[in-house]
Amino acid sequence: MHFLLVDRIVQLSSSAGSVRGIKHITPDDVYIYADSQARMCFMPCLIGETLGQMTAWAAMAQCDFQKRPVAGVVSCATLHHSAYVGDTLALESWIDDLDEESVRYHGEVYVGERLIFRLEGALGPMLPMDDFIDRSTVLRQFDQINRPGEWPVTTVTQQQPITMAHRSVPLHFDAITECEPGVRLCAVKRITRSAPYFPDHFPHKPVLPLTVLLECKMNLAQAFLNRAGLSSVYRVRELQRIKMSDFVQPGDELHTQLTLKKQSEHALVLHFRSTVANRRVCTLDMVLDASEEGV
Amino acid sequence: MNIDSVFPKMKTIIADVLVLDEDEVQLSSRLISDLGAESIDFLDLVFQLEKEFSIKIPRGQLEKNARGHLSEQEFEQKGVITPAGMDALKQYLSEVPEDYFKPNMKLSEIPMLFTVETFCKLIVAAKTEQPLTQQLA
């Protein structure tokens, strides 16, 4: 099982600092879940992961694959719509600044003509490639996906996916440890090397992908809502001020506290703080809108 | 522009970057020891300051300022700050109490000394050195 999500880079422009690519969402994908209407949905945070991976390829190509970016800070990730089995993600990102120490970028993801995801103010440290993976392996992987082609991508619409039983990789915390309904929720996740994303992320240094942690937090938000007894149904609209301060590795015990930061008639803001051995590793705010549909 | 005029905005930005109450951020606060900053926070902080004050802060600018007129070889040897380097460092970081400077301090430990005032000085210097055409923009 792997964690390389970009199927193809179709346009790469060093001069313009832009990159375009695609990812098909198919029954072969494992990061899929059935939503409230039993539609097979690609995990929303992994849309962001796919966009980030594509941008990482562009950044690495510009520095001859001597360094690679890792997750750092994201100003805002907006989830406009879901993506489903049968969709093709059209990914586009722009590198705003790149030097030896960091990369800054923003990007968008479309399905057909519909904007489904936007990323603003992403900033990541650039670290030595060999700390994470052999340069020769990365070059081989890049050669496999860097296949220039047509843009925009034309996709077949009105598909009727074949329904079948699907095994997916659940991305959840292991257990709730404390609960103050409507106020606070604490959970723990024990990180094991057995997780399917570690072989690719990364061979020399397995570290928990930020977006996997974000997906776990979205599910934790649902657990909070289930216990809060609120009258409205809420949907995640944005993740703001995301910051990954340190690596989380197999053997770590990750503790997360979710607190209700702000509540209005139509929106909630939840604050998440994750620690390992009392050391801050990840923080973010999650904005939810009152909706007819659930998270 | 001076430290006092920069401090209010600096306080807001640092509190935002480190997810702290503004009351916790004082001019004398050390970013790492007192405020809990990590390396990613410095990256984030520099980016936010560049955006807020419309300046460019080259990588390693603080360390370069601390070195003053000394060459890299005069400033540190095998990662340890020389006596001359320590004098230059103390002169630049004049706002940092004397007892924070440890003997045989390593180059990698310099960021431990940085205070909020250190970054205010950085902004004042950057704005002063900014070409007039950019200031008027």
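Everything below is about the structure shown above.
Each chain has its residues counted from 1, running along the sequence as written. The order in which chains are written sets their letters, starting at A; the order in which ligands are written sets their numbers, starting at 1. Since the coordinates come from a predicted model, pLDDT governs what is reported: local features require at least 70, and pairs of side-chain atoms require 80 or more to be given and counted, while whole-chain, interface and lining totals use all residues. Excluded from the side-chain calculation are hydrogens and water; included are all heavy atoms of the structure.

Novice: Even after reading the chapter, I still don't get the overall build of chain B, so can you show me in this structure?
Specialist: Each helix is a run of H or I in the DSSP string that is no shorter than four residues. Each strand is a run of E no shorter than two, and both are numbered from the N terminus. When its secondary structure is counted, chain B shows seven helices and two strands. Going from N to C terminus, chain B has its helices and strands arranged as α-α-α-α-β-β-α-α-α. For chain B, whose C-alpha radius of gyration is 15 Å, the value lies close to the compact-globule estimate of 14 Å for 137 residues. If you line up chain B on its principal axes, its C-alpha atoms span 40 × 35 × 25 Å. Contacts are assigned to residue pairs that have any heavy atoms within 4.5 Å of one another. Considering only contacts within chain B whose residues lie at least 6 apart along the sequence, 60% involve residues at least 24 apart. Every accessible area reported is derived by Shrake-Rupley at a probe size of 1.4 Å, with residue values counting cover from the shown protein chains alone. Just so you have it, chain B exposes about 7400 Å², and 51% of that area is on carbon and sulfur atoms. Here chain B holds 14 positive side-chain charges and 23 negative ones, and the gap between their average locations is 5 Å. Values of the radius of gyration come from C-alpha atoms, whereas the globule rule sets the reference at 2.2 Å times the count of residues to the power 0.38. All tallies of charge rest on Lys and Arg as positive and Asp and Glu as negative; His and the ends of each chain are not included. Just so you know, the charge point we use is NZ for Lys, CZ for Arg, CG for Asp and CD for Glu.

Novice: I would appreciate a short explanation of the pairing of strand β11 (residues 184-190) of chain A in the present structure.
Specialist: For a regular strand, side-chain orientation follows a simple rule: the groups alternate between the two sheet faces. Residues and elements named next belong to chain A. Classification of residues uses two cut-offs on accessible area relative to the type maximum, computed with a 1.4 Å probe and protein chains only: under 20% is buried, over 50% is exposed, and between them is partly exposed. Most of β11 is tucked away, with five of its seven residues classed as buried. One bridge is not enough; two strands pair if DSSP finds at least two bridges between them. Bridge count for strand β10 (residues 175-180) against β11 is five bridges, and the pairing is antiparallel. Bridge pairing in β11 links E178 to C186. What sits between β10 and β11 in their antiparallel hairpin is a turn of three residues, with G182 showing a positive phi close to 80°. Relative to strand β13 (residues 253-263), β11 runs antiparallel, the two being bridged by seven bridges. Looking across to β13, one finds that K189 is bridged to L254.

Novice: Help me out: how do you make sense of the interface of chain A and chain B in this one?
Specialist: Accessible area lost upon the coming together of the parts serves often as the stated size of an interface. Residue-level contacts link 18 residues of chain A with 14 residues of chain B. The term buried area refers to how much accessible surface (probe radius 1.4 Å) is lost by two components on association, counted for both of them together. Contact between chain A and chain B buries roughly 1300 Å² in total, counting both sides, with carbon and sulfur atoms accounting for 52%. Three residues stand out in chain A for area buried against chain B, namely A:R241, A:K243 and A:R280, and they jointly supply 34% of the buried area on that side. Basic side-chain nitrogens of Lys or Arg form a salt bridge, by our definition, when they fall within 4 Å of a carboxyl oxygen of Asp or Glu. Counting across the interface, chain A meets chain B through five salt bridges. Distance and chemistry together define a polar contact, namely a pair of N or O atoms within 3.5 Å, with one atom able to donate a hydrogen and the other to accept it when in protein, and with adjacent residues in sequence counting only for side-chain atoms on both sides. Put simply, chain A and chain B have seven residue pairs in polar contact (both at pLDDT 80 or more) between them. Broken down by secondary-structure element, the contributors of at least two residues to the side of chain A that touches chain B are β8 (102-111), β9 (114-128), β12 (233-244) and β15 (279-291) of chain A. Under this grouping Gly is polar, as are all residues other than the nonpolar Ala, Val, Leu, Ile, Met, Phe, Trp, Tyr, Cys and Pro and the charged Asp, Glu, Lys and Arg. For the side of chain A that touches chain B, a count of residues per class yields four nonpolar, six polar and eight charged.

Novice: Sorry, what's going on with the packing of aromatic side chains here?
Specialist: Aromatic ring pairs are described here by two measures, namely the spacing of the ring centres and the angle between the planes. Only Phe, Tyr and Trp rings take part, Trp by its six-membered ring, and two of them pair if their centres are within 6.5 Å. Stacked means planes under 30 degrees apart, edge-to-face means over 60, and tilted covers everything else. Applying the stated criterion across every chain yields a total of nine aromatic pairs over all chains. Between A:F65 and A:F142, the aromatic rings sit 5.0 Å apart at their centres with planes inclined by 55°, giving tilted as the arrangement. Pair noted here: A:F65 is in the loop between α1 (44-62) and β5 (67-69) and A:F142 is in helix α2 (residues 135-145), with a separation of 77 residues, a long-range link. Given a relative accessible area of 8%, A:F142 falls into the buried group. A centroid spacing of 6.2 Å and a plane angle of 90° characterise the contact between B:F114 and B:F119, whose relative ring orientation is edge-to-face. Both residues of the pair, B:F114 and B:F119, belong to the buried class. Chaining the aromatic ring pairs together yields one cluster made of A:F3, A:Y31, A:Y197 and A:F198. Positioned above the aromatic ring of B:Y100 is the side chain of B:R30, whose terminal nitrogen or guanidinium carbon lies 3.9 Å from the ring centre. Each ring is checked for a lysine NZ or an arginine CZ that lies within 6 Å of its centre and within 35 degrees of its normal; such an atom marks a charge sitting over the ring.

Novice: Can you walk me through helix α1 (residues 3-18) of chain B in this structure?
Specialist: Side chains of residues three or four places apart in an α-helix project in the same direction, reflecting 3.6 residues per turn. In this analysis the local bend is the angle between axes fitted, respectively, to the seven residues ending at and the seven residues starting at the residue. The largest bend along α1(B) measures about 30° and falls at B:K9. All buried positions along α1(B) are accounted for by B:V6, B:F7, B:M10, B:K11, B:I13, B:I14, B:A15, B:V17 and B:L18. Along its buried surface, α1(B) packs onto β12 and β15 of chain A together with α2 (39-53) and α6 (116-129) of chain B. Once α1(B) finishes, B:V19 follows within two positions and takes phi at roughly 55°, a positive value.

Novice: How do you make sense of the nonpolar core when you look at a structure like this?
Specialist: Looking at soluble globular proteins, one finds that nonpolar side chains tend to be buried together. Among buried residues, the Ala, Val, Leu, Ile, Met, Phe, Trp, Tyr and Cys ones that are joined through side-chain atoms within 4.5 Å form a nonpolar core. Core analysis: the largest hydrophobic core is formed by 87 residues, its most contacted members being A:Y31, A:L89 and A:M286. Here the element with the most residues in this core is helix α3 (residues 210-228) of chain A; it accounts for 12 residues. Setting aside residues up to four positions removed in sequence, A:L89 forms contacts with A:G21, A:I22, A:K23, A:I25, A:F42, A:I47, A:A83, A:V109, A:Y110, A:V111 and A:I116. Within the second largest apolar cluster, 42 residues are counted, among which are B:I14, B:F53, B:Y92 and B:V124.

Novice: Just checking my understanding: could you explain the pattern of salt bridges for this structure?
Specialist: Between side chains of opposite charge, a pair can form when the charged atoms approach closely. For the structure on display, the rule yields 23 salt bridges over all chains. Of the charged contacts, one joins A:D285 and A:K261 as a salt bridge, the two residues approaching to 2.7 Å between their closest N and O atoms. Here A:D285, found in strand β15, pairs with A:K261, found in strand β13; they are 24 residues apart in sequence, far enough to count as distant. Under the relative-accessibility criterion, A:D285 is labelled buried at 4%. Accessibility expressed as a relative area gives 44% for A:K261, which makes it partly exposed. Among the salt bridges present, the one from B:K56 reaches B:E50, with a minimum N-O distance of 3.9 Å.

Novice: Help me out: how do you make sense of empty space enclosed by the protein in this one?
Specialist: If a probe as big as a water molecule is rolled over the atoms, it shows which places are left empty. Cavities and pockets are defined on a 1 Å grid built over the protein atoms alone: a cavity is a set of grid points where a 1.4 Å probe fits but cannot escape, while a pocket is an open set with protein on both sides within 12 Å along at least five of seven lines, and lining residues are those with an atom within 4 Å of any such point. Grid points are joined across faces, edges and corners, and a volume is the space filled by probe spheres set on the points. What the rule picks out here adds up to two cavities of 30 Å³ or more. In this structure, the largest cavity occupies an estimated 70 Å³ of space. Mapped onto the lining of the largest cavity, the elements with two or more residues apiece are β8 of chain A together with α2 of chain B. Among the elements that take part in the lining of the largest cavity, α2(B) stands out by supplying four residues, more than any other. Residue composition of the lining of the largest cavity, by class: five nonpolar, one polar and four charged. Estimated volume of the second largest cavity: approximately 30 Å³. Listing elements by their share of the lining of the second largest cavity, those giving two or more residues are β1 (8-13), β2 (18-24) and α1 of chain A. Among the residues forming the lining of the second largest cavity, the class breakdown is four nonpolar, five polar and no charged.

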